[in-house]
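A look at the structure
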Amino acid sequence: MGSISPVLFANEEFMERVDKRIVKPTIDGLIKDGIDYNGFLFIGLMNVGGDPFVIEYNVRMGDPETESIMPRIESDFLELLWKCGGGELEGSDISISDRAVASLMMVSGGYPESYEKGKEIYGLTAISESLIFHAGTRMVYPNIESSGGRVLTVTSYGDSISEALSTSYREANKISFE
């Protein structure tokens, strides 16, 4: 399980279809229904023969997609959130890095079915080339152990998706838990 950014099939033509067929009708629908929405509207998409289809709408960023999207944002994200909360986001620019990002989710043995918690996690201090996002972890001083199914996400930059993926896998191999 994981995610990459940018998504390879999301070229200019595909994104124009997304805008025309999904984003604009969604916004028009909110306006028509009198919904004054202010916040995230995450639209999970699927590519079927070059055409976008909606899998889900969320009013939050999705996991593990967030771990690949957020590191590419070069703008002051807190400022963007502040402006959004104040209704002042219109006209704001958001700068996105051209670098690729790949996130690899590390999960408990048995996930998504039953799994045990409280498994000590080793190797976190050996990570030097990636970001580590904790999801299902807890600190039991002085150790960190698993406390959920989705335990950690290893996120890496690269000049290409394959380079970012290679780094995430290499770094993930330094981490171990049951």
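Residues numbered from 1 in each chain as written. Predicted model: local features only at pLDDT ≥ 70, side-chain atom pairs only at ≥ 80, totals over all residues. Heavy atoms only, no water.

**Side note on the sheet that holds strand β8 (residues 150-158)**
Quick note on the threshold: Here the rule is simple: two strands pair whenever DSSP picks up at least two bridges between them. Put simply, DSSP H or I for four residues or longer makes a helix, DSSP E for two residues or longer makes a strand, and each gets a number counted from the N terminus. The angle between two axes is taken between their N-to-C directions and runs from 0 to 180 degrees, where each axis is a line fitted to C-alpha atoms and a helix contributes only its stretch in contact.
Within the open sheet, the 4 strands sit side by side as β1-β4-β8-β5. Their pairing is antiparallel. Strands with a single pairing partner mark the edges of an open sheet, and in this sheet they are β1 (2-5) and β5 (131-134). Strand-to-strand twist across the sheet, computed as the mean angle between neighbouring axes with direction ignored, equals 15°.

**Examining helix α4 (residues 161-172)**
For clarity, the cut-off: One less than the number of residues in a helix, times 1.5 Å, gives the span that helix is expected to have. Three exposure classes are used, based on accessible area relative to the maximum for each residue type with a 1.4 Å probe and protein chains only: buried under 20%, partly exposed in between, and exposed over 50%. To obtain the arc, one takes the directions from the helix axis to the C-beta atoms. Residues are treated as being in contact if the distance between any of their heavy atoms lies within 4.5 Å.
Here α4 spans 16 Å end to end across 12 residues, near enough to the 16 Å set by a 1.5 Å rise per residue. By the burial criterion, the buried members of α4 are I161, A164, T167, S168, E171 and A172. Down the axis of α4, the sector holding all buried residues measures 130°, keeping them to one side. Each element contacted by the buried residues of α4 is listed here: β1, β4 (100-107) and β8.

**Observations regarding unusual backbone geometry**
Residues Y111 and P112 are joined by a peptide bond in cis, for which omega reads 10°. Within the secondary structure layout, P112 lies in the loop between β4 and β5. Backbone torsion omega between Y141 and P142 reads 5°, so that peptide bond is classified as cis. Relative to the elements of secondary structure, P142 occurs in the loop between β6 (137-140) and β7 (143-146).

**Observations concerning the pattern of salt bridges**
For clarity, the threshold we go by: Definition used for salt bridges: Asp or Glu carboxyl oxygen within 4 Å of a side-chain nitrogen of Lys or Arg.
On inspection of all chains with the given rule, the structure shows 12 salt bridges. With a closest N to O distance of 2.9 Å, R17 and E13 form a salt bridge. Here the residue R17 and the residue E13 both occupy positions in helix α1 (residues 12-32), the gap between them amounting to 4 residues, near one helical turn. For R17, a relative accessible area of 24% gives the class partly exposed. The exposure class of E13 is partly exposed, given its relative accessible area of 49%. The closest approach of N and O atoms between R150 and D63, which form a salt bridge, is 3.2 Å. Of the two residues, R150 is situated in strand β8 and D63 in the loop between β3 (51-58) and α2 (65-69); the sequence distance between them amounts to 87 residues.

**Points about the side chain of R72**
For clarity, the threshold we go by: Residues counted as positive are Lys and Arg, residues counted as negative are Asp and Glu, and His and the chain ends are not counted. Polar contact is defined as a pair of N or O atoms within 3.5 Å, subject to the rule that within protein one atom must be able to donate a hydrogen and the other to accept it, and that residues adjacent in sequence are counted only when both atoms are side-chain atoms.
Mapping R72 onto the fold places it in the loop between α2 and α3 (77-85). One buried charged side chain, R72, makes no salt bridge at all; its nearest oppositely charged neighbour is D98, positioned 5.3 Å away. One polar contact links the side chain of R72 to the main-chain carbonyl oxygen of S97, over a distance of 2.6 Å. Setting aside residues no more than four positions away along its own chain, R72 makes contact with S5, P6, S95, I96, S97, D98, R99 and V101.

**Description of the layout of surface pockets**
The line we're drawing: Grid points spaced at 1 Å over the protein atoms alone were grouped into cavities, where a 1.4 Å probe fits but cannot get out, and pockets, open sets with protein on both sides within 12 Å along at least five of seven lines, with lining residues defined by an atom within 4 Å of a point. Grid points are joined across faces, edges and corners, and a volume is the space filled by probe spheres set on the points. Note on residue classes: Ala, Val, Leu, Ile, Met, Phe, Trp, Tyr, Cys and Pro are nonpolar, Asp, Glu, Lys and Arg are charged, and everything else, Gly too, is polar.
In this structure, the largest pocket spans a volume of roughly 2000 Å³. When residues of the lining of the largest pocket are traced back to their parent elements, those giving at least two are β1, α1, β2 (42-48), β3, α2 and α3. Per-element tally for the lining of the largest pocket: the top contributor is α1, with 9 residues. Broken down by class, the residue content of the lining of the largest pocket amounts to 33 nonpolar, 9 polar and 7 charged.

**A look at the pairing of β8**
Burial of β8 is extensive: 7 of the 9 residues sit out of reach of the surface. Both β5 and β8 contribute to a ladder of 4 bridges, which runs antiparallel. Residue pairing in the sheet places H134 in a bridge with L152 of β8.

**So, the packing of aromatic side chains**
Note the cut-off: The aromatic pairing rule takes the rings of Phe, Tyr and Trp, using the six-membered ring of Trp, and pairs them if the centres are within 6.5 Å, calling planes under 30 degrees apart stacked, those over 60 edge-to-face and the rest tilted.
Considering all chains together, one arrives at 3 aromatic pairs under this definition. Ring centres of Y111 and Y115 lie 6.3 Å apart, and the angle between their planes is 55°; this geometry places the pair in the tilted category. What makes Y111 partly exposed here is its relative accessible area of 25%. On the basis of relative accessible area, Y115 is assigned to the partly exposed category, the value being 29%.

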